[in-house]
Amino acid sequence: MQQSAVPELAHAHTRPIHWVATATAVAGVVALSSLLQPDSATAAQAPGRELRQAAAPPATEGVDFPLECGPVRAVVETKASGDLDGDGRPETVAVVHCDAGISTPPDGVYVLTQGDDATQPRVVATLVDPKDRFTVSDFTVRDKAVLATLHGYSSIDVPTCCPDLQQDAKWQWKNGTFVRSSPADARSV
């Protein structure tokens, strides 16, 4: 049998004093941790901090859109929601047109909001007026902005089936109003 080059370590053999020291150290940690407990949790909110419930976006049902449709009804083609003005409450943006049946009616794009005590959403902004004869595609709400592609007509002689102009548009809330820009990357996927 070959002897080890390293002499046996003194602490390799446990003695009763080692167990006493370990038990004393563990008891000290437990006692110290009981003194350093965090405050107990409560269901009440700290004074001065109100819990804000996530509000549901305004619905489009029953809204009186500023759109002249005559004997036919207004149709919400598509809608999207997001907090556009940064107040913590979502707005709904709706693309609306008259239910014309066989032709391609122009779209209106409207922003809806609803206050805490209101019973019905209301239109607070018109981004696209149907009188301008645009139809809307690639519509989305993203990053506090409304993005859309607008299809229009170069003259009143162009048939409504076949718009010959196209432009990207982006609206953002700035200084109390929606500001329109036409960024190159406004197309949504």
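K.L.:
Explain the confidence of the model for the protein here, please?
P.N.:
Regions with low pLDDT should not have their predicted coordinates read in detail. In the predicted model, the protein carries a mean pLDDT of 80, and the fraction of residues at 70 or more is 73%. Residue range residues 48-52 is modelled with pLDDT below 50. Its contacts to residues more than four positions away, or to other chains, number four contacts.

K.L.:
It is not clear to me how the pairing of strand β8 (residues 177-181) should be interpreted in this structure. Could you clarify?
P.N.:
For a regular strand, the rule is simple: side chains alternate between the two faces of the sheet. The pairing of strand β7 (residues 165-174) with β8 spans five bridges and is antiparallel. When the sheet's bridge partners are listed, Gln172 is paired in β8 with Val179. Two successive antiparallel strands, β7 and β8, enclose a turn made up of two residues, where Asn175 displays a positive phi of approximately 55 degrees.

K.L.:
Any chance you could explain the sheet that holds β7 here in plain terms?
P.N.:
Where strands meet in a sheet, backbone hydrogen bonds hold them as pairs that are either parallel or antiparallel. Pairing is antiparallel across the open sheet formed by four strands, whose spatial order is β5-β6-β7-β8. Taken across any chain shown, the strands that pair with only one partner, and hence form the sheet edges, are β5 (135-142) and β8. Strand-to-strand twist of the sheet, defined as the mean angle between neighbouring strand axes without regard to direction, takes the value 25 degrees. Two strands pair when backbone bridges link them, and strand β6 (residues 145-152) and β7 are joined in this way by eight bridges, in the antiparallel orientation. Directly across from Ala148, in β7, lies its bridge partner Ala169.

K.L.:
Explain the state of the cysteines here, please?
P.N.:
A covalent bond bridging the sulfur atoms of two cysteines is what the word disulfide describes. By the definition in use, this model includes two disulfides. Note on cysteine connectivity: Cys161 is disulfide-linked to Cys162, with sulfurs 2.4 Å apart. Around the S-S axis, the bridge from Cys161 to Cys162 shows a dihedral of about -75 degrees and counts as left-handed. Given a relative accessible area of 54%, Cys161 falls into the exposed group.

K.L.:
Just checking my understanding: could you explain the sheet that holds strand β1 (residues 74-82) for this structure?
P.N.:
The antiparallel open sheet is built from four strands, whose spatial order is β1-β2-β3-β4. Edge positions in the sheet fall to β1 and β4 (122-128), since each of these pairs with one other strand and no more. When strand polarity is set aside, the average angle formed by the axes of neighbouring strands in this sheet is 30 degrees.

K.L.:
What exactly am I supposed to notice about unusual backbone geometry here?
P.N.:
Backbone geometry follows two general trends: most residues other than glycine have a negative phi, and most peptide bonds adopt the trans configuration. The backbone of Lys144 shows a phi angle near 60 degrees, a positive value even though the residue is not glycine. When you line up the elements, Lys144 lands in the loop between β5 and β6. For Asn175, which is not glycine, the phi dihedral falls at a positive 55 degrees. Mapped onto the secondary structure, Asn175 falls in the loop between β7 and β8. Relative accessible area serves as the criterion here: at 83%, Asn175 is assigned to the exposed category.

K.L.:
Is there a simple way to think about the nonpolar core in this case?
P.N.:
Note on soluble globular proteins: their nonpolar side chains tend to be buried together. Of all hydrophobic cores here, the largest spans 19 residues; its most connected members are Val93, Val109, Leu127, Phe139, Val146 and Trp171. Leaving out residues up to four positions away in the same chain, Val146 has contacts with Leu84, Val93, Leu127, Phe139, Thr140, Val141, Ala169, Lys170 and Trp171. Grouped together as the second largest cluster of nonpolar side chains are nine residues, Val63, Phe65, Leu67 and Tyr110 included.

K.L.:
What am I meant to see in the layout of surface pockets here?
P.N.:
Here the largest pocket defines a volume of roughly 180 Å³. For the largest pocket, the full set of lining residues is Pro66, Leu67, Glu68, Cys98, Pro105, Pro106, Tyr110, Thr126, Asp129, Pro130 and Lys131. When grouped by side-chain class, the residues that make up the lining of the largest pocket number seven nonpolar, one polar and three charged.

K.L.:
Just checking my understanding: could you explain the environment of Thr78 for this structure?
P.N.:
By secondary structure assignment, the location of Thr78 is in strand β1. With 59 residues separating them along the chain, Thr78 and Ser137 place their C-alpha atoms 9.7 Å apart. Residues within four places of Thr78 in sequence aside, it is in contact with Val93, Ala94, Val95 and Phe139.

Conventions and cut-offs
Residues numbered from 1 in each chain as written. Predicted model: local features only at pLDDT ≥ 70, side-chain atom pairs only at ≥ 80, totals over all residues. Heavy atoms only, no water. pLDDT = per-residue confidence, 0-100. Contact = heavy atoms within 4.5 Å. Pairing = 2+ DSSP bridges. Helix = DSSP H or I, 4+ residues; strand = E, 2+ residues; numbered from the N terminus. Axes fitted to C-alpha atoms, helices over the stretch in contact; angles between N-to-C directions. Disulfide = S-S within 2.5 Å. Buried < 20%, exposed > 50% of the residue type's maximum accessible area, 1.4 Å probe, protein only. Core = buried A, V, L, I, M, F, W, Y, C linked by side-chain atoms within 4.5 Å. 1 Å grid on protein atoms, 1.4 Å probe; cavity = no way out; pocket = protein on both sides within 12 Å on 5 of 7 lines; lining within 4 Å. Points joined across faces, edges and corners; volume = space filled by probe spheres on them. Nonpolar A, V, L, I, M, F, W, Y, C, P; charged D, E, K, R; others polar.

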